[in-house]
Structure formats: structure tokens, C-alpha cells
2 protein chains.
Amino acid sequence: MSAASTADVPVRPIAIIGGTGPAGMGLALRWARAGETIIIGSRDPLRAQQAAAAVLLKAGPQAKISGTENATACAAADILMLTVPFEGQASLLKQLKPAMTPGSILIDATVPLAAGVGGRASRTLGVWQGSAAEQAAEIVPEEVSVVAAFHNLSAELLYGDLPLDCDVIVCSDDPDAAQLTSDLAKKIPGVRAIFGGKLENARIVEQITALLIGLNFRHKGHAGIRITGLPPGAYR
Amino acid sequence: MSAASTADVPVRPIAIIGGTGPAGMGLALRWARAGETIIIGSRDPLRAQQAAAAVLLKAGPQAKISGTENATACAAADILMLTVPFEGQASLLKQLKPAMTPGSILIDATVPLAAGVGGRASRTLGVWQGSAAEQAAEIVPEEVSVVAAFHNLSAELLYGDLPLDCDVIVCSDDPDAAQLTSDLAKKIPGVRAIFGGKLENARIVEQITALLIGLNFRHKGHAGIRITGLPPGAYR
């Protein structure tokens, strides 16, 4: 590292693809508050700008946040956070593939809820590849690392002001991408990141979201999970 | 309820079927300490008696615990706790079916780990019925209620002296059986019970164990889970 001032550290924006929903706006808010540069992407650039304006209002005028069309957001960043419903995931990724910079990291929070095909949000669909994240990995260019994370955070709590009470389990075949994702998770107050192993383990983490949705229906809450019993070094 | 002394309350023993492994002995220990009457079952009655003697030594002489052959244990109790490896579950249940009293509750903690067929303990097998618990429900007599619970407790911590730091997610189609199971879960220090909905949801809870096993391998711990964000009434 050089002795340069912080102004010389290159800005590495985070593009939140399909980021106008509650989860996308919640992550945008928390990371904008932590000083990250955020680009909210949407199919509709106007909706992206409106979402960015709403987050800016909550995060304060110092927040670095903009909104644009998904492919433009994708091309402008090498950290891509995907927050779309499962039924839109594959087609969106195929469409964005040419806009992805080699060396990018795609963080996937997609959960294959049966609600996407008219079923229940407390049930999941079987994904041929094993998980939505592994489906994503099959679609994106080889030079893009896929990380599965952020499935189990309550979108409503994320887009609020209080610290969360939830751990983020991070799965990836690329340790560096997992570490970067863990660092981003830790920027959300109350969140701890735990490396959950290879991307294939995303199939379990994705299922947990359906369980939490069922618990929320049944008990009227905003359920999250904490992993207990690991040594302090396991929580990155 | 009558005004009779506690001596008149009928004893309702818990048979721990296949209970000579660490999970079975751990549950036996915790419930014996809580004053429950425990019958450890095993294919080999001598092994069952040895396990009961070992638990008695840890629990203290006031503990009500015995050991016998699985079918005898099954016939002597209407609360049946099943703690066997997945690869032995179906055949054992078929064998025990005639010994089950109508109205019994079978609490199943089976996890379909791939280790059972030579794979990894951090991976699971697909079960045609959706989960090991639903497989159990298909085998037992109709008059036996199946509950899925206790998958995610560390066997090593259970068979110890410290309070646990873990929630038990209880899934069943029979609310009364779920309540009884929750009451038993709460008798383990540090454990909270949460109703997780129908038995079909066991498929998710069972998978979580494989994730926790992976975390234990990776981070050298005794991982458990806590569910956060639910109102106090959700924790039974």
C-alpha cells in the first residue's frame, strides 16, 4: 500500500442488480451508510433513480448512491450484488453476461421460493444445479466468481435503522471473493459473516430462508439466524 | 387434573430408540437430570444396559434410567425418541412397527447424511418423501404421530454439563405432539423450542445439520443455531 491519502484509494462501487426491491434497497442503505459507493440497477432506469433517491433520503446527503439501468450498473462495477426473485434470475444473468467485467464478483442472494411459480414462499423449488447460486455460476462468464450470501437477512429490518441480529453465511469456491463478501457483510451493524464452504452449500443456506419465511408467517416476526458454538475466529 | 400427590401422576417414560450413540445418550442424560424416566433401546440389550449405566453415572443415582432391546423399549413407552443413522432408520421402524402403541409419539432426529452411503457428513441424500421424518411417517402406524426435532443439537455438548446455546425447531402435523416435544426440548438447559410448522418442513431442518457439520469441520467447533427476530411467544 502507498502512503497516499484516502482520496487516492480507487473507489470500487457496488452495483446492486435488480436493486429496487426491499432487499436491494436495504443493502444499498446499509452500505451507503458505511461509506460504500452504490449503483442501484433496474430494468427501468427511472425506477432505479427513484430507489436511489429514496435511499439517499434515508442515508443522508453524504451517501454516494446513484441509479441506472441494470447493464449500465453491471458494466460500471466489479462487485455485483444480485437481489432478484428466482424466476427472473437466469434470464437477467444471461442478458447481463456481456456487460460483466472479467474478475468481477457476483454475490447472489437468490432464493428459489415456490412463490415464484404460484406456490408458497415457505417452500422451495428444486434447482437442477442444486441451488440458485450454482445456477448463477453456470451462466456467468468463467472469469466471474460467484458468492452466495445475504439470503437470511430480513429485508424490512435491513431497510431500517436498528442493528440486525443475524449472521450471514458466505459460500463460494473463491476464497478471496468470499473474504470480500464477508467484509461487506460486517459493514452491516449487528451482522457477523461466517464462511460456509463451497458454493454448493448455498443449497442449504437458500432453504433456510424458506424456513424463516414460514416462521415469520406463523409467529409474526422478522426471523433471522445466528450460528452458535464456533470459536471467535470463525466469525470474520 | 386431580389434587393427587405427584406420586400419583402416571410415569410416562421416554424410550430412546437406537439410544446408545452420542445423541441418544446426550438426550437421555439431559432428560434424566430433568426427572424424566428414560429407557435406552438398542439392538443389543447388553449395549443398552451399558449405555444406561454410563448415563446413570453422570446423571446421579436419583436418575430413572434403564436399558433394553429396542422392541421392548418401544412397547414400554408412548414417547419414542429415534436417534439412529439414516441408513438404519427405515428398516428399524419397519421392525418396530408391531411394538408401537397406538397414540404414541415418535420424535425423529434422523438426518439423511451422505456419510451413510460413504459420502460426506456435510452433504445430504435426497429422500423420496422429502425428509427422513416424512419417510418415518410413511412407515409407522397411522395412529402414531411423528414429530421432527433435535437435529441441530451438538451430541457432544448434550452429553456434557454445560447449558446448550441452540434452538430446537419442532415440525409436526400434530399440534399436541409438537407441544409435548417442545416441552421436552425446554427441559434441556439453554434450549428454546420453536414450532417450525408441518412435518414437511423437516426437510429444511435436517439439511441445517449438514451445514453445521461442515462448519464444525471447517472452524473446529460445536455449531448450533439460534432463531432471532421472533416475538417472545414464539419460543415455547
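These notes cover the structure that comes with them. Note that this is a predicted model, so its numbers are computed, not measured.

### A look at the overall build of chain A
Within chain A, the secondary structure is distributed over eight helices and nine strands. Compactness check: chain A gives a C-alpha radius of gyration of 17 Å against a globular reference of 18 Å for 236 residues, within 12% of the reference. Considered along the principal axes of its C-alpha atoms, chain A spans approximately 50 × 40 × 35 Å. Taking all 236 residues of chain A together, the buried fraction comes to 58%. For chain A, the accessible area works out to roughly 9900 Å², and carbon and sulfur atoms hold 57% of it. Treating the 20 positive side-chain charges of chain A as one cloud and the 21 negative ones as another, the clouds have centres 8 Å apart.

### Focus: the pattern of salt bridges
For the structure shown, the criterion picks out 18 salt bridges over all chains. The structure contains a network of salt bridges with shared partners spanning A:Asp165, A:Asp167, A:Arg192 and A:Arg226.

### Here we look at helix H7 (residues 175-186) of chain A
All names here are of chain A. The end-to-end C-alpha distance of H7 is 16 Å, a good match for the 16 Å that 12 residues give at a rise of 1.5 Å each. Of all the residues in H7, the buried ones are Ala-177, Ala-178, Leu-180, Thr-181, Ser-182, Leu-184 and Ala-185. Between the side-chain oxygen at the start of H7 and the backbone nitrogen of Asp-176 there is a gap of 2.9 Å, and the oxygen is on Asp-174.

### Digging into the relation of the copies chain B and chain A
For the match of chain B to chain A, the screw axis carries a shift of 0.0 Å, the RMSD comes to 0.0 Å, and the turn is 180 degrees. Such a combination of rotation and displacement between the chain copies is what one expects of a two-fold axis. When C-alpha positions in chain B are compared against the rotation axis, the closest is assigned to B:Arg226, at 2.5 Å. Of all interface residues in chain B, 100% are interface residues in chain A too; the two copies therefore contact each other through one and the same surface.

### Structural notes on the packing of helix H1 (residues 22-33) of chain A against helix H2 (residues 45-59) of chain A
Residue and element names in this part refer to chain A. Closest axis-to-axis distance for the H1/H2 pair is 9 Å, and the angle between their directions is 45 degrees. What the angle tells us is that H1 and H2 run oblique. Here the hand of the crossing between H1 and H2 comes out right-handed. Along its contact with H1, which presents Met-25, Ala-28, Leu-29, Ala-32 and Arg-33, the element H2 presents Ala-51, Ala-54, Val-55, Lys-58 and Ala-59. The class makeup of the residues in the contact of H1 with H2 is eight nonpolar, no polar and two charged.

### Comments concerning the sheet that holds strand S2 (residues 37-42) of chain B
All names here are of chain B. In spatial order, the strands read S3-S2-S1-S4-S5-S6-S7-S8; together these eight strands make up an open sheet with mixed pairing. Two strands bound the open sheet, and with one partner strand each, they are strand S3 (64-69) and strand S8 (191-197). Neighbour to neighbour, the strand axes of the sheet diverge by 25 degrees on average, direction disregarded. As paired strands, strand S1 (residues 14-17) and S2 are joined by three bridges and run parallel to one another. Bridge pairing links Ile-16 to Ile-40 in S2.

### Digging into the interface of chain B and chain A
Tallying the contact residues gives 35 residues for chain B and 35 residues for chain A. Buried area between chain B and chain A, both sides added, is near 2700 Å², and the carbon and sulfur share of it is 63%. Counting every contact that joins chain B to chain A gives two salt bridges. For the salt bridge of B:Arg123 with A:Glu200, the shortest nitrogen-to-oxygen distance reads 2.8 Å. One can count 13 residue pairs in polar contact (both at pLDDT 80 or more) joining chain B with chain A. No other element matches the 11 residues that helix H8 (residues 202-219) of chain B contributes to the side of chain B that touches chain A. Partitioned by chemical class, the residues of the side of chain B that touches chain A number 16 nonpolar, 12 polar and seven charged. Of the pairings in the sheet, the one linking strand S9 (residues 224-228) of chain A to strand S9 (residues 224-228) of chain B comprises five bridges and is antiparallel in character. Counted as the bridge partner of A:Thr228 is B:Gly224 from S9(B).

### Remarks on the sheet that holds strand S7 (residues 166-172) of chain A
Residues and elements named next belong to chain A. Reading across from one edge, S3-S2-S1-S4-S5-S6-S7-S8 is the order of the eight strands in this open sheet, with mixed pairing throughout. Since the sheet does not close on itself, it has two edges, and those belong to strand S3 (64-69) and strand S8 (191-197), each with one partner. Here the average twist between neighbouring strands, direction ignored, is 25 degrees. Where strand S2 (residues 37-42) meets S3, six bridges bridge the pair, whose relative direction is parallel. By the bridge assignment for S3, Thr-37 is matched with Lys-64.

### Remarks on the packing of helix H4 (residues 86-96) of chain A against helix H5 (residues 132-139) of chain A
All names here are of chain A. Where H4 meets H5, the closest approach of the two axes is 9 Å, and the angle between their N-to-C directions is 15 degrees. When the axes of H4 and H5 are compared, the pair comes out roughly parallel. Crossing angle aside, the handedness with which H4 passes H5 is right-handed. Contacts between H4 and H5 pair Phe-86, Gln-89, Ala-90, Leu-93 and Lys-94 from the former with Ala-132, Ala-133, Gln-135, Ala-136 and Ile-139 from the latter. The residue makeup of the contact of H4 with H5, split by class, is seven nonpolar, two polar and one charged.

Criteria and thresholds
- Residues numbered from 1 in each chain as written.
- Chains lettered and ligands numbered in written order.
- Predicted model: local features only at pLDDT ≥ 70, side-chain atom pairs only at ≥ 80, totals over all residues.
- Heavy atoms only, no water.
- Helix = DSSP H or I, 4+ residues; strand = E, 2+ residues; numbered from the N terminus.
- Rg over C-alpha atoms; globule rule 2.2 N^0.38 Å.
- Buried < 20%, exposed > 50% of the residue type's maximum accessible area, 1.4 Å probe, protein only.
- Areas by Shrake-Rupley, 256 points an atom, 1.4 Å probe, with all protein chains shown as cover.
- Lys, Arg positive; Asp, Glu negative; His and termini not counted.
- Charge placed at Lys NZ, Arg CZ, Asp CG, Glu CD.
- Salt bridge = Lys/Arg side-chain N within 4 Å of Asp/Glu carboxyl O.
- Expected span 1.5 Å × (residues − 1).
- Polar contact = N/O pair within 3.5 Å; in protein donor to acceptor, adjacent residues only side chain to side chain.
- Least-squares fit on C-alpha atoms with pLDDT ≥ 70 in both.
- Contact = heavy atoms within 4.5 Å.
- Axes fitted to C-alpha atoms, helices over the stretch in contact; angles between N-to-C directions.
- Parallel < 35°, antiparallel > 145°, perpendicular 65-115°, else oblique.
- Left-handed = near helix turned anticlockwise from the far one by under 90°.
- Nonpolar A, V, L, I, M, F, W, Y, C, P; charged D, E, K, R; others polar.
- Pairing = 2+ DSSP bridges.
- Buried area = accessible area lost by both parts, 1.4 Å probe.

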